[in-house]
Structures are given as structure tokens and as C-alpha cells.
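# Observations on the three-dimensional arrangement
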Amino acid sequence: MISSSTDVQDRIHAGLRLSLIRPITDNDAQPLLNLLNDAIKAYEADPKQAEQLIASARGTCPPNMPPHEYAAWIIASSTILNLDEFLSRN
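For the structure given in this document, a descriptive report is provided here. (Residues numbered from 1 in each chain as written. Predicted model: local features only at pLDDT ≥ 70, side-chain atom pairs only at ≥ 80, totals over all residues. Heavy atoms only, no water.)

## What to know about the overall build of the chain
The condition that has to hold: Every helix listed is a DSSP run of H or I at least four residues long, and every strand listed is a run of E at least two residues long, numbered separately from the N terminus. Only C-alpha atoms enter the radius of gyration, while the globule expectation follows 2.2 Å times N to the 0.38, with N the number of residues. Classification of residues uses two cut-offs on accessible area relative to the type maximum, computed with a 1.4 Å probe and protein chains only: under 20% is buried, over 50% is exposed, and between them is partly exposed. What makes two residues a contact is simply this: any of their non-hydrogen atoms within 4.5 Å. Only the protein chains shown count as covering a residue, and every accessible area follows the Shrake-Rupley method with a 1.4 Å probe. Charge assignment: positive for Lys and Arg, negative for Asp and Glu; neither His nor the chain ends contribute. We put the charge of a Lys on NZ, of an Arg on CZ, of an Asp on CG and of a Glu on CD.
Each helix and strand counted, the chain has five helices and zero strands in total. The C-alpha atoms of the chain give 13 Å as radius of gyration, which agrees with the globular expectation for 90 residues (12 Å, within 12%). Across its three principal axes, the chain shows a C-alpha extent of roughly 40 × 25 × 20 Å. Buried residues in the chain amount to 33% of all 90 residues. The contacts of the chain with a sequence gap of at least 6 include a subset with a gap of at least 24, amounting to 49%. Within the structure as shown, the chain displays about 5700 Å² of accessible surface, and the carbon and sulfur contribution to it stands at 52%. When the 7 basic and 11 acidic side-chain charges of the chain are each reduced to a single mean position, those positions are 6 Å apart.

Next comes the structure, spelled out in C-alpha cells:
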């Protein structure tokens, strides 16, 4: 998702579109955008927790992205992969 664009909204739409294999509306993306923004704030306030999440996900933070933002994208990605619509396709 993070390599698809530099625009947050575009990244979310790309991740949802690839995972759900259907057109994405702003209503689909808004809850994920809210989650991402909340996670960015939380990890910015607690950088150690962001580093721990990145390590537990066996991730490597891209050089152009701060760890608190990368950790928030891990949360957003995990959320997409746990959507009922992703897990149980018709």
C-alpha cells in the first residue's frame, strides 16, 4: 500500500481495492483513514511501542517514512486483511 502513492487516501483505496477486488467508495475508506490517523497519533506519542510493533511484524521501516507512521500502516494493513469481506468471499 505505501508504495502505491504518497497520498494517504490513494494508499488506502489501493489497499482496499487490491484486497477486496471491487471498486472502493469513500464510505469504505473513511473508517480505515480514521484508524490510521488515530494510530499515527498514538505511535507518535509512544515511539517505543511503534518500534516494538515494527519488530514484531518483522518489518523494516522505509527510509522516507518515520517509524510511527510505518507502524500505523501495519495496523491499517492488518485491519484490511481481517475484514470479513476479505476473509469470506462468495
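The discussion continues.
## Section: unusual backbone geometry
For Ile 21, which is not glycine, the phi dihedral falls at a positive 50°. With respect to the element layout, Ile 21 can be found in the loop between α1 (8-20) and α2 (26-45). The class for Ile 21 is exposed, based on a relative accessible area of 63%. Although it is not a glycine, Arg 58 sits at a positive phi angle of roughly 55°. Within the secondary structure layout, Arg 58 lies in the loop between α3 (47-56) and α4 (67-81).

## Observations concerning the side chain of Ser 19
How we decide: A 3.5 Å cut-off defines polar contacts: any pair of N or O atoms within that distance qualifies, except that in protein one atom must be a possible hydrogen donor and the other a possible acceptor, and neighbouring residues in sequence count only when both atoms are side-chain atoms.
Counting through the fold element by element, Ser 19 comes out in helix α1. On the accessibility criterion, Ser 19 (12% relative accessible area) is buried. Engagement of the side chain of Ser 19 in a polar contact is seen with the backbone oxygen of Gly 15, the distance being 2.9 Å.

## Quick look at α1
The cut-off we apply is this: Helices are assigned an expected span. That span is 1.5 Å times one less than the residue count.
For α1, with 13 residues, the first-to-last C-alpha span of 18 Å sits near the 18 Å given by 1.5 Å per residue. Listed as buried for α1 are Arg 11, Ile 12, His 13, Ala 14, Gly 15, Leu 16, Ser 19 and Leu 20. Buried positions along α1 lie against α2, α4 and α5 (84-87). Looking at where α1 begins, the residue whose side-chain oxygen comes 3.3 Å from the main-chain nitrogen of Gln 9 is Asp 7. Directly after α1, the chain includes Ile 21, whose backbone phi takes a positive value near 50°.

## So, the packing of α2 against α4
Each pair of packed helices can be summarised by the angle the axes make with each other and by the distance between the axes. Test applied: The axes are straight lines fitted to the C-alpha atoms, using for helices just the contacting stretch, and the angles between their N-to-C directions are given from 0 to 180°. Crossings are classed by handedness, with left-handed meaning an anticlockwise turn of the near helix from the far one by less than a right angle and right-handed meaning a clockwise turn. The residue classification treats Ala, Val, Leu, Ile, Met, Phe, Trp, Tyr, Cys and Pro as nonpolar and Asp, Glu, Lys and Arg as charged. All others, Gly included, are polar.
In the contact formed by α2 and α4, the axes pass within 8 Å of each other and the chain directions differ by 145°. For the pair α2 and α4, the sense of crossing is right-handed. Side by side, α2 and α4 meet where Leu 32, Leu 35, Leu 36, Ala 39, Ile 40, Tyr 43 and Glu 44 of the first sit next to His 68, Glu 69, Ala 71, Ala 72, Trp 73, Ile 75, Ala 76, Thr 79 and Ile 80 of the second. Split into classes, the residues belonging to the contact of α2 with α4 amount to 12 nonpolar, two polar and two charged.

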